[in-house]
Amino acid sequence: DTGVSQNPRHKITKRGQNVTFRCDPISEHNRLYWYRQTLGQGPEFLTYFQNEAQLEKSRLLSDRFSAERPKGSFSTLEIQRTEQGDSAMYLCASSLIGTGTYEQYFGPGTRLTVT
Amino acid sequence: DQQVKQNSPSLSVQEGRISILNCDYTNSMFDYFLWYKKYPAEGPTFLISISSIKDKNEDGRFTVFLNKSAKHLSLHIVPSQPGDSAVYFCAASALTGANNLFFGTGTRLTVIP
């Protein structure tokens, strides 16, 4: 069990550019979540997948954001036409639903800075 | 609309003493509660959880208490150690549907040697 991994760990981009982040969950986990954390706040839910199906999106997830989880394995989160307000830590978490446990395990995050 | 609140931004405790971190929630649909610990530049690390059918759960030095009528939970760390110094987040979820977590704003715990 290698835990949840995220790449890159840091990303600096200019306003208007597109960025893509990757998350590799714990291998047997069937749910994958994306959260965003800004300074002084707790993580906020963006979206989640059960296997390869994206089942819910938060209203925080504007049309510029898109997430995929092909084949129910790794996931990508893309932000198009980045804005300075997108600067945040993007966290991925995974969990195994159906076994009576509900804990989510987080990766180290990708810190995005939009200049 | 903050559904999970941690009203103490910081707490300092002497090594060996008890640390008590508090959390309040407003949504009565929440039925699962978790505590996470976070170091700088890392993701949150799961510590301990409790279901709404229980009022206490213990794991080593960590105990979580849940008071459903008051919509309040607390994390007790006994004895506190310098390595416990971190930001602690309380989180809550409803087990139906997305099961996404709602987090508080965190409490920074400093354990003084």
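Use the structure listed above.
Residues numbered from 1 in each chain as written. Chains lettered and ligands numbered in written order. Predicted model: local features only at pLDDT ≥ 70, side-chain atom pairs only at ≥ 80, totals over all residues. Heavy atoms only, no water.

### A look at the interface of chain A and chain B
With 21 residues of chain A at the interface, the matching set in chain B holds 21 residues. For the pair chain A and chain B, the interface holds 0 salt bridges. For the side of chain A that touches chain B, the elements supplying multiple residues, two or more each, are strand 4 (31–37), strand 5 (44–50) and strand 10 (105–106) of chain A. The dominant element in the side of chain A that touches chain B, judged by the number of residues it contributes, is strand 4 of chain A, at 4 residues. (Contact = heavy atoms within 4.5 Å. Salt bridge = Lys/Arg side-chain N within 4 Å of Asp/Glu carboxyl O. Helix = DSSP H or I, 4+ residues; strand = E, 2+ residues; numbered from the N terminus.)

### Points about the nonpolar core
Soluble, globular proteins show a tendency: their nonpolar side chains are buried together. Residues and elements named next belong to chain B. Core analysis: the largest hydrophobic core is formed by 23 residues, its most contacted members being F33, W35, L73, L75 and Y88. Listed by contribution, the elements that provide at least two residues to this core are strand 3 (19–25), strand 4 (32–38), strand 5 (45–51), strand 7 (62–67), strand 8 (72–77), strand 9 (86–93) and strand 11 (107–112). The dominant element in this core, judged by the number of residues it contributes, is strand 9, at 4 residues. Not counting residues within four places of it along the chain, the set of residues in contact with L73 comprises L21, N22, C23, Y25, F33, W35, V64, F65, L66 and C90. (Core = buried A, V, L, I, M, F, W, Y, C linked by side-chain atoms within 4.5 Å. Buried < 20%, exposed > 50% of the residue type's maximum accessible area, 1.4 Å probe, protein only.)

### A closer look at the state of the cysteines
When the sulfur atoms of two cysteines share a covalent bond, that bond is a disulfide. Residue and element names in this part refer to chain A. Under the definition given, this model contains 2 disulfides over all chains. For C23, the disulfide goes to C92, at an S-S distance of 1.8 Å. As the torsion about the S-S bond is roughly -65°, the C23-C92 disulfide counts as left-handed. Note that C23 is positioned in strand 3 (residues 19–24) and C92 in strand 9 (residues 88–95), a separation of 69 residues in sequence. (Disulfide = S-S within 2.5 Å.)

### Some thoughts on the sheet that holds strand 8 of chain B
All names here are of chain B. Pairing is antiparallel in the open sheet, where 5 strands are placed in the order 1-3-8-7-6. Two strands in the sheet have a free side with no partner beyond their single neighbour: strand 1 (4–5) and strand 6 (56–59). Bridge count between strand 7 and strand 8: 6 bridges; the pairing is antiparallel. Its bridge partner being in strand 8, T63 is matched across the sheet by H76. (Pairing = 2+ DSSP bridges.)

### Considerations on the side chain of A:S75
Residue and element names in this part refer to chain A. In this fold, S75 is placed in strand 8 (residues 75–79). Accessibility expressed as a relative area gives 0% for S75, which makes it buried. Engagement of the side chain of S75 in a polar contact is seen with the side chain of W34, the distance being 2.9 Å. Residues in contact with S75, not counting those within four places in the same chain, are F21, R22, C23, L32, W34, F49, E68 and R69. (Polar contact = N/O pair within 3.5 Å; in protein donor to acceptor, adjacent residues only side chain to side chain.)

### Let's talk about the environment of B:D59
Residue and element names in this part refer to chain B. When you line up the elements, D59 lands in strand 6. Given the relative accessible area of 44%, D59 is considered partly exposed. As a C-alpha pair, D59 and I77 span 18 residues in sequence and 9.9 Å in three-dimensional space. With residues up to four places along the chain from it excluded, the contact list for D59 reads L47 and I48.

### Examining the sheet that holds strand 8 of chain A
Residue and element names in this part refer to chain A. The strand order 1-3-8-7 describes an open sheet built from 4 strands, whose pairing is antiparallel. Strands with a single pairing partner mark the edges of an open sheet, and in this sheet they are strand 1 (5–7) and strand 7 (65–68). Ignoring which end each strand starts from, the neighbouring axes of this sheet average 15° apart. Where strand 1 lies against strand 3, 3 bridges are found, and the strand directions are antiparallel. (Axes fitted to C-alpha atoms, helices over the stretch in contact; angles between N-to-C directions.)

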